[in-house]
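# A look at the structure
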Amino acid sequence: MILIPQVFQRGLNEVTKEYKTITEIAGPLIFLEKTEPVSYNELVNITLPDGTTKRGQVLDTSHDKVVVQVFEGTGGLNRQCGVRFTGETIKLPVSKDMLGRILSGSGEPLDGGPRIIPEDRLDINGAAINPFSRMPPKDFIQTGISTIDGTNTLVRGQKLPIFSGSGLPHNEIALQIARQAKVPGSEEDFAVVFAAMGITNEEAQYFMQDFERTGALERAVVFLNLANDPAVERLITPRMALTAAEYLAYEHDMHVLVILTDITNYCEALRQMGAAREEVPGRRGYPGYMYTDLASLYERAGVIKGRKGSVTQFSILSMPGDDITHPIPDLSGYITEGQIVISRELHRKGIYPPINVLPSLSRLMNSGIGEGRTREDHKAVSDQMYAAYAEGKDLRGLVAIVGKDALSDRDKKLLEFADMFEDRFVRQGVDEDRDIETTLAIAWDLLAELPESLLVRVDNKFIEKYHPAHKK
Amino acid sequence: MVTKGEIYRISGPVVTVQGINTSMYDVVKVGNEGLMGEVIGIEKDKSIVQVYEETAGIKPGEPVENTGLPLSVELGPGLIESIYDGIQRPLPILKDKMGDFIERGVTADGLDHEKLWEFKPVVKAGDKVSGGVVIGTVQETPNVEHRVMVPPNVSGTVDEIKSGEFTVLDTVCTLTDGKEIQMMQKWPVRMPRPVNKKLTPNVPLITGQRILDGLFPVAKGGTAAIPGPFGSGKTVTQQQLAKWSDTEIVVYIGCGERGNEMADVLTEFPELEDPKTGRPLMERTVLIANTSNMPVAAREASVYTGITIAEYYRDMGYDVSLMADSTSRWAEAMREISSRLEEMPGEEGYPAYLSARLSEFYERAGRVESLAGLGGSITIIGAVSPPGGDFSEPVTQNTLRIVKVFWALDAKLAQRRHFPSINWLNSYSLYTKGLTDWYNENVSPDWVKLRDNAMDLLQQESELQDIVQLVGSDALPPDQQLTLEITRLIREIFLQQNAFHPVDTFCPMDRQFKLMDTIQKFGDKAHAALDSGVMINDIIKLESKDELSKVRFDDDFDGALKVVLDKMDKEFDSLKSDTYSSGVSEGAE
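Quick caveat, the model's predicted, so the values are computed rather than measured. (Residues numbered from 1 in each chain as written. Chains lettered and ligands numbered in written order. Predicted model: local features only at pLDDT ≥ 70, side-chain atom pairs only at ≥ 80, totals over all residues. Heavy atoms only, no water.)

### With respect to the overall build of chain A
Keep this limit in mind: Secondary structure elements are defined from DSSP: runs of H or I of at least 4 residues count as helices, runs of E of at least 2 residues count as strands, and each element is numbered from the N terminus. For the radius of gyration, the atoms used are the C-alpha atoms, and the globule rule reads 2.2 Å times the number of residues raised to 0.38. Between buried and exposed lies partly exposed: a residue is buried under 20% and exposed over 50% of the maximum accessible area for its type, with that area taken using a 1.4 Å probe on protein chains only. In this analysis, two residues are considered to be in contact whenever any of their non-hydrogen atoms come within 4.5 Å of each other. Each accessible area value is a Shrake-Rupley result obtained with a 1.4 Å probe; residue values ignore everything except the protein chains displayed when judging cover. Within this scheme the basic residues Lys and Arg register as positive and the acidic residues Asp and Glu register as negative, but His and the chain ends are omitted. Every charge is mapped to an atom, namely NZ of Lys, CZ of Arg, CG of Asp or CD of Glu.
Counting its secondary structure elements, chain A contains 14 helices and 22 strands. Whereas a compact globule of 472 residues would reach a radius of gyration of roughly 23 Å, chain A reaches 25 Å, a difference of no more than 12%. In terms of overall dimensions, chain A has a C-alpha envelope of 80 × 50 × 40 Å along the principal axes. Looking at chain A as a whole, 61% of its 472 residues are labelled buried. Considering only contacts within chain A whose residues lie at least 6 apart along the sequence, 73% involve residues at least 24 apart. A total of about 17,000 Å² of accessible surface is found on chain A, and carbon and sulfur atoms cover 48% of it. Between the centroid of the 53 positive side chains of chain A and the centroid of its 67 negative side chains there is a distance of 2 Å.

Written out as structure tokens, the structure reads:
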């Protein structure tokens with residue numbers, strides 16, 4: 001018996017005509033002739049001579065020629081294969097029962113459990129949220145990590161990726177956030193959607209074990225496309241994950257945190273497909289539409305007026321060669337609402353989490369902090385620490401040339417501040433969950449080490465209220 | 001002429017149709033759902049169409065219909081306060097029609113065709129009118145008077161003119177030759193609206209942003225570009241300009257940018273007050289939001305939709321400013337469509353006509369005399385998002401060849417939380433000379449000198465910083481250390497500005513002048529003190545100069561400034577007496 005994947009079941013029952021008119025196979029693409037009109041982006045089933053099936057999608061269609069991209073790769077395909085067009089675009093069967101399930105990159109159960117009985121079937125490409133329907137995100141999410149909560153605050157509905165590099169502990173940080181993230185003082189429904197794109201089996205195991213250890217799996221939907229799964233499947237994995245997330249958020253009022261890892265693998269797959277289609281390449285061989293394509297993923301985060309749920313994205317992106325100007329981090333940075341940058345230098349110093357706050361940024365921070373959300377002095381404290389740390393870090397370069405003795409007293413203080421900042425504010429334990437009060441208290445302890453005249457970005461009234469020297 | 005044909009091929013947003021006669025830029029309805037598209041190429045019997053909506057599920061063989069009209073916008077009362085997508089569909093109406101997500105195949109008129117407007121005629125029967133002449137007015141919002149004009153290609157003698165409440169489609173004026181004029185006119189977006197002549201810009205656009213007004217001003221009717229890497233504050237700067245520019249109408253185009261950012265603009269603008277009129281800023285604003293995940297062809301059109309609306313208000317005699325955030329996304333939309341057409345690519349895959357399209361767009365800016373002799377202007381401020389922050393890429397370079405003002409954003413400054421993070425050494429304005437007269441008359445005859453002096457000091461600072469990097473600041477001679485101190489004040493007090501602070505977010509010209517003047521006064525006094533033998537460290541320790549920084553945040557600016565100035569005088573006096581007394585005591589020994 002041929003097992004027909006559930007995702008594609010309905011279409012197959014409805015359409016029966018099979019074509020054996022493949023004229024050309026190139027990379028992941030097949031070209032067909034003499035078909036009835038076939039619609040753009042339609043899903044395709046291909047039957048190999050040995051009876052196995054593969055799936056694909058229409059990329060280009062005309063009266064003379066149809067181009068299909070095959071998700072599982074074209075290995076074993078020949079001109080005798082039969083091709084059926086299903087008449088519909090890719091849809092994901094969704095249900096609240098997806099929580100706790102582990103699915104493949106194309107939505108098939110991998111955990112040996114039963115099939116998901118769909119409450120609905122949704123187009124995985126989603127539709128753009130009308131900007132007029134969006135609510136500007138402003139609910140503070142406490143991740144328990146000082147460098148995020150204190151200086152690069154995450155809010156509900158934001159898309160904030162981690163820019164990392166190979167060999168850096170981005171997975172640990174992502175997991176720590178998945179474990180600890182909460183909106184202080186609220187008991188709302190929370191879920192995690194995790195999509196692995198081209199990560200190794202070992203990494204996937206690491207994630208799964210942590211989810212099981214902490215019991216997070218019950219509140220999670222996992223989509224796994226591993227390194228040895230077909231690259232072209234990677235193009236649909238994140239879309240499936242986001243469709244599931246939107247369903248849980250907007251139909252079941254849940255606050256969904258989506259973790260996509262690794263965006264770089266996704267972009268590699270995109271480039272591979274572009275090359276197979278013989279498209280005109282853009283920078284470094286990536287397709288010219290990569291910005292639009294990435295936007296179609298990242299923009300699926302947000303809060304909608306009148307609906308309770310939200311989709312927050314926390315993707316992982318490894319920068320090739322730690323180069324932030326590489327097209328993948330670059331285009332991402334133009335779409336996402338900031339970025340958390342992991343630093344190799346801090347990692348070498350043995351500091352966890354090695355988040356370099358200087359190039360990191362949360363664009364929505366200002367709307368999520370302050371009186372009534374976190375604390376009135378939050379912004380001032382954050383700005384002051386940024387400025388002092390930036391200056392202190394610069395001075396390290398100077399010290400290397402002229403020695404510490406040549407520095408003025410003011411500069412020496414700043415230099416010490418930079419060291420203390422890394423050691424006390426940045427450094428924390430893998431399981432250390434600092435609430436925002438603790439984070440701000442550490443910040444004030446550090447600022448208290450500086451002369452008060454240097455605290456130009458903090459209002460006097462905050463100094464009187466929160467500075468350890470004035471606080472009663 | 002055959003107006004019906006069928007789809008031959010579909011490749012993303014590019015659809016090839018056959019069996020239909022089309023002209024370039026005709027709008028066609030594609031497929032069973034009638035998706036809106038525009039003819040962008042003709043090859044033998046086939047026409048190539050870019051479709052403004054998602055094309056998944058469309059089949060070859062589906063019908064295509066030609067409307068025979070180019071892509072046009074509806075111009076008339078009701079534009080202000082609207083929020084459109086790239087092809088002038090009002091987003092609130094799309095929401096009513098299809099819910100929170102943008103589906104396809106829905107059409108919506110740019111203007112409300114039912115709403116009644118109170119039309120007051122300003123011409124009478126027998127008057128001769130021609131294109132651009134104002135025939136009546138409508139109070140569109142409490143602070144915008146909409147001037148209903150004769151369409152550019154119409155002229156004649158007024159036979160009858162009405163007064164009272166009408167919809168935009170009702171005829172309000174009839175000419176003796178039987179021509180009827182309505183409040184609404186349609187205009188093809190890719191064609192600039194005609195004017196009598198273009199004039200040289202000679203009045204600055206006051207933005208309330210110190211570094212822009214003070215150092216790198218743009219003139220009303222001028223063009224400016226803000227290029228910068230991500231996270232350097234392009235969007236915040238653009239939004240500040242949209243909020244505080246002293247133009248009568250603002251058109252803000254969010255072209256291929258973030259949805260949450262647009263949501264922010266949509267909620268914030270109605271709440272903010274125009275400093276001049278005290279009315280909500282939204283009452284002078286037209287928003288166009290085509291976020292990055294909305295169809296790419298509509299993104300390409302959004303810039304033209306925006307500039308056409310801007311031209312319409314310019315023709316009424318208004319000063320209009322147009323912010324396009326970001327023109328790089330617009331260029332990328334061109335690139336994407338060009339590559340689907342399999343055109344020969346130019347630099348970095350952009351089409352070879354990139355430069356031509358950019359200059360056509362920026363040339364639609366300018367201070368003009370309208371067809372009816374009214375003076376109006378369009379100022380274009382375009383954000384550019386260079387990949388990797390590299391200004392040598394094609395969009396930045398082609399833009400810089402056209403625009404007169406360059407505000408270079410700098411990621412390094414942003415990382416230090418120096419906002420607005422505009423690099424004062426790389427930026428330039430070619431309008432400063434032409435605006436000198438205006439400054440002399442309206443700010444102060446000293447202003448130009450003050451500004452040039454500040455620029456000169458900042459230039460010196462950058463050279464001194466190179467030395468400081470090597471030997472530390474203590475090794476510099478005292479007068480150079482003083483220069484560093486003065487430039488620090490210029491940087492931290494004048495150039496830095498907090499967009500999120502209720503007072504500091506907008507700084508009028510007179511305050512800018514007073515701040516700069518105070519810094520200059522401090523510099524003069526400090527140099528004098530130094531010459532009289534005061535130690536540099538004693539000068540640097542003075543508190544008044546640092547207190548100047550807080551004056552910016554004070555509601556009572558002048559009062560706070562006076563306190564600082566008085567304190568400064570006292571401090572310098574006491575320095576003098578200290579030197580004097582220590583000199584005396586040395587002499588006594």
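There is more to say after this.
### Considerations on the pairing of strand 2 (residues 22-26) of chain A
On any regular strand, side chains alternate: one points to one face of the sheet, the next to the other face. Residues and elements named next belong to chain A. Here is the rule: Two strands are said to pair when DSSP picks up at least two bridges between them.
In terms of strand pairing, strand 2 meets strand 3 (residues 29-33) through 4 bridges, oriented antiparallel. Bridge assignment links Ala26 to a residue of strand 3, and that residue is Leu29. Linking strand 2 to strand 3, which pair antiparallel, is a turn of 2 residues; within it Gly27 sits at a positive phi near 55 degrees.

### Examining the interface of chain A and chain B
As a reminder of what qualifies: Values labelled buried area give the accessible surface lost by two parts on being combined, using a 1.4 Å probe and summing over both. The term salt bridge refers to a pairing of a side-chain nitrogen on Lys or Arg with a carboxyl oxygen on Asp or Glu at a separation within 4 Å. Polar contact is defined as a pair of N or O atoms within 3.5 Å, subject to the rule that within protein one atom must be able to donate a hydrogen and the other to accept it, and that residues adjacent in sequence are counted only when both atoms are side-chain atoms. Here the term charged refers only to Asp, Glu, Lys and Arg, the term nonpolar to Ala, Val, Leu, Ile, Met, Phe, Trp, Tyr, Cys and Pro, and the term polar to all other amino acids, Gly among them.
Between chain A and chain B, the residue contacts involve 71 residues of the former and 73 residues of the latter. Across the interface of chain A and chain B, roughly 6,000 Å² is buried in total on both sides, 54% from carbon and sulfur atoms. The interface formed by chain A and chain B holds 2 salt bridges in total. For B:Asp100, the salt bridge is made with A:Arg307, and the minimal N-O distance between the two is 2.8 Å. At the boundary of chain A and chain B, one finds 30 residue pairs in polar contact (both at pLDDT 80 or more). Going through the elements one at a time, strand 5 (53-62), strand 11 (134-135), helix 7 (290-298), strand 18 (302-304), helix 8 (327-335), strand 22 (355-362) and helix 11 (378-402) of chain A are the ones with two or more residues in the side of chain A that touches chain B. Per element, the largest residue contribution to the side of chain A that touches chain B is 8 residues, and it comes from helix 11 of chain A. Considering only residue class, the side of chain A that touches chain B consists of 35 nonpolar, 21 polar and 15 charged.

### Examining the side chain of B:Asp26
Residues and elements named next belong to chain B. On the secondary structure map, Asp26 appears in strand 3 (residues 26-30). An unpaired buried charge is present at Asp26: no salt bridge exists, and Arg190, the closest side chain of opposite charge, is 10 Å distant. Polar contacts involving the side chain of Asp26 include one to the side chain of Asn66, which spans 3.2 Å. Those residues in contact with Asp26 that sit more than four places away from it in its chain are Gly37, Glu38, Val39, Asn66, Gly68, Leu69 and Pro70.

### Digging into the domain arrangement of chain A
All names here are of chain A. How we decide: Where each domain starts and ends follows an automatic or database-derived domain assignment.
Considered domain by domain, chain A is made up of domain 1 (12-89), domain 2 (92-367) and domain 3 (378-466). Across the boundary between the two partners, domain 2 contributes 30 residues, which contact 24 residues of domain 3. Together domain 2 and domain 3 conceal approximately 2,200 Å² of surface at their shared face, both sides included; 52% is due to carbon and sulfur atoms. Interface area lost by domain 2 to domain 3 is led by Ser146, Tyr352 and Leu358, which between them contribute 23%. On inspection of domain 2 and its partner domain 3, the count reaches 4 salt bridges. Put simply, Arg179 and Asp431 hold a salt bridge, and the shortest N to O gap is 3.2 Å. The interface formed by domain 2 and domain 3 contains 21 residue pairs in polar contact (both at pLDDT 80 or more). Elements supplying a minimum of two residues to the side of domain 2 that touches domain 3: helix 2 (146-149), helix 3 (170-180), helix 9 (344-348), strand 22 and helix 10 (365-368). The leading source of residues in the side of domain 2 that touches domain 3 is strand 22, at 5 residues. Classifying every residue of the side of domain 2 that touches domain 3 gives 10 nonpolar, 15 polar and 5 charged.

### Section: the sheet that holds strand 9 (residues 117-121) of chain B
Residue and element names in this part refer to chain B. Stated precisely, the cut-off is as follows: Axes here mean lines fitted to C-alpha atoms, for a helix over just the part in contact, with angles spanning 0 to 180 degrees between N-to-C directions.
Strand order in the open sheet formed by 4 strands is 12-11-9-14, with antiparallel pairing between adjacent strands. Every interior strand has two partners, whereas the edge strands, strand 12 (144-149) and strand 14 (164-166), have only one. If you compare each strand with its neighbour and ignore which way they point, the axes differ by 40 degrees on average. Sheet analysis places strand 9 next to strand 11 (residues 134-141), joined by 3 bridges and oriented antiparallel. Within the sheet, the bridge partner assigned to Lys120 lies in strand 11 and is Thr137.

### Some points on the nonpolar core
All names here are of chain B. What counts here: By nonpolar core we mean a set of buried residues, namely Ala, Val, Leu, Ile, Met, Phe, Trp, Tyr and Cys, connected to one another through side-chain atoms within 4.5 Å.
Among the nonpolar cores identified, the biggest contains 79 residues, and Phe119, Ile135, Val251, Ile309, Tyr313, Leu322 and Phe361 are the most heavily contacted of them. Discounting residues that sit within four places of it in the chain, Tyr313 has contacts with Gly76, Leu79, Ile80, Glu140, Val144, His146, Ile249, Tyr318 and Val320. Counting residues in hydrophobic clusters, the runner-up holds 76 residues, among them Ala108, Ala242, Ala289 and Leu482.

### Quick look at the pattern of salt bridges
Going through the model one piece at a time under the given rule, you end up with 69 salt bridges over all chains. The closest approach of N and O atoms between A:Arg344 and A:Asp322, which form a salt bridge, is 2.5 Å. Here A:Arg344 is found in helix 9, whereas its partner A:Asp322 is found in the loop between strand 20 (316-318) and helix 8, with 22 residues between them in sequence. Judged by relative accessible area, A:Asp322 falls into the partly exposed class, the value being 35%. B:Asp504 is the salt-bridge partner of B:Arg210, the closest N and O atoms lying 3.1 Å from each other. Here B:Arg210, found in helix 2 (residues 210-215), pairs with B:Asp504, found in the loop between helix 12 (478-495) and helix 13 (509-531); they are 294 residues apart in sequence, far enough to count as distant. For the pair B:Arg210 and B:Asp504, a shared accessibility class is recorded, and that class is buried.

### Describing the sheet that holds strand 13 (residues 156-161) of chain B
All names here are of chain B. An order of 10-13-15-16 is seen for the 4 strands of this open sheet, with the pairing classed as antiparallel. Only two strands of the sheet have a single neighbouring strand rather than two, namely strand 10 (128-129) and strand 16 (180-182). With 3 bridges joining them, strand 15 (residues 171-175) and strand 16 adopt antiparallel strand pairing. Bridge assignment links Cys173 to a residue of strand 16, and that residue is Ile181.

### Here we look at the packing of helix 6 (residues 327-340) of chain B against helix 7 (residues 354-362) of chain B
All names here are of chain B. Filter applied, for reference: Between 65 and 115 degrees an angle is taken as roughly perpendicular, under 35 as roughly parallel, over 145 as roughly antiparallel, and anywhere else as oblique. The handedness criterion is simple: a crossing whose near helix is rotated anticlockwise from the far helix by less than a right angle is left-handed, and one whose near helix is rotated clockwise is right-handed.
Direction vectors running N to C along helix 6 and helix 7 enclose 135 degrees, while the axes themselves pass 11 Å from each other. When the axis of helix 6 is compared with that of helix 7, the two are oblique. Between helix 6 and helix 7 the crossing geometry is right-handed. For the pair helix 6 and helix 7, the contacting residues are Thr327, Trp330, Ala331 and Met334 in the first and Leu354, Arg357, Leu358, Phe361 and Tyr362 in the second. Split into classes, the residues belonging to the contact of helix 6 with helix 7 amount to 7 nonpolar, 1 polar and 1 charged.

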